[in-house]
Amino acid sequence: MLYNLPNGKSIELDMVNRISRIRDQGEDAGSIGYRKMIFTIHLSNRDTVEVSEQYHYSDWSDKKRKLNNVRADLVAKWKALAGGHDS
């Protein structure tokens, strides 16, 4: 089953091995004054996919909520595909 990420990338849910927690990466080297938070999707072919949000201190909570919602939806669909068990 394909899952579409917010950045337009698609992944096969049956290839997902693990989904990391959300973590703050600190300042984003590609921008000035912004920080980056990510979670990583680990696939069975040893590839990884990073899902990230750039944020400024004033919009941290909105961006964190958005990323958390994406991760929660992904985890729920992944667990449903696996029959409610972590793989």
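Reading guide: rules and limits
- Residues numbered from 1 in each chain as written.
- Predicted model: local features only at pLDDT ≥ 70, side-chain atom pairs only at ≥ 80, totals over all residues.
- Heavy atoms only, no water.
- Core = buried A, V, L, I, M, F, W, Y, C linked by side-chain atoms within 4.5 Å.
- Buried < 20%, exposed > 50% of the residue type's maximum accessible area, 1.4 Å probe, protein only.
- Helix = DSSP H or I, 4+ residues; strand = E, 2+ residues; numbered from the N terminus.
- Contact = heavy atoms within 4.5 Å.
- pLDDT = per-residue confidence, 0-100.
- Pairing = 2+ DSSP bridges.
- Salt bridge = Lys/Arg side-chain N within 4 Å of Asp/Glu carboxyl O.

A.B. asks: Teacher, can you tell me more about the nonpolar core here?
C.D. replies: Note that soluble globular proteins tend to have their nonpolar side chains buried in a common cluster. In terms of nonpolar packing, the biggest core is built from 19 residues, with Ile11, Val16, Phe39, Ile41 and Leu74 touching the most fellow members. Where this core is concerned, the elements lending two or more residues are β3 (16–19), β5 (35–43), β6 (48–55) and α1 (60–81). Top contributing element to this core by residue count: α1, with five residues. With residues near it in sequence (within four places) discarded, Val16 still touches Ile11, Ile41, His42, Leu43 and Trp78.

A.B. asks: Can you help me understand the confidence of the model for the protein in this one?
C.D. replies: Reading predicted coordinates in detail is not appropriate for stretches of low pLDDT. Summing up the model confidence of the protein, the mean pLDDT is 90 and the portion of residues at 70 or higher is 95%. Ranking the helices and strands of the protein by mean pLDDT puts β3 first, with 96, and strand β4 (residues 23–27) last, with 89.

A.B. asks: Whenever I open this one, the pairing of β5 confuses me. Can you help?
C.D. replies: Taken residue by residue, a regular strand's side chains alternate between the two faces of the sheet. Bridge count between β3 and β5: three bridges; the pairing is antiparallel. Note that in β5 the partner of Val16 across the bridge is Leu43. Across four bridges, the pairing between β4 and β5 is antiparallel. The residue of β5 that forms the bridge with Glu27 is Arg35.

A.B. asks: How do you make sense of the pattern of salt bridges when you look at a structure like this?
C.D. replies: Side chains that carry opposite charge are capable of pairing whenever their charged atoms lie near each other. A full pass over the atoms with the stated rule returns five salt bridges. Residues Glu53 and Lys66 are paired through a salt bridge, measuring 3.3 Å at the closest nitrogen-oxygen approach. Taken as a pair, Glu53 in strand β6 and Lys66 in helix α1 lie far apart in primary sequence, 13 residues in all. Take Lys66: its relative accessible area is 42%, and that puts it in the partly exposed class. One salt-bridge network, in which partners are shared between bridges, spans Glu53, Lys63 and Lys66.

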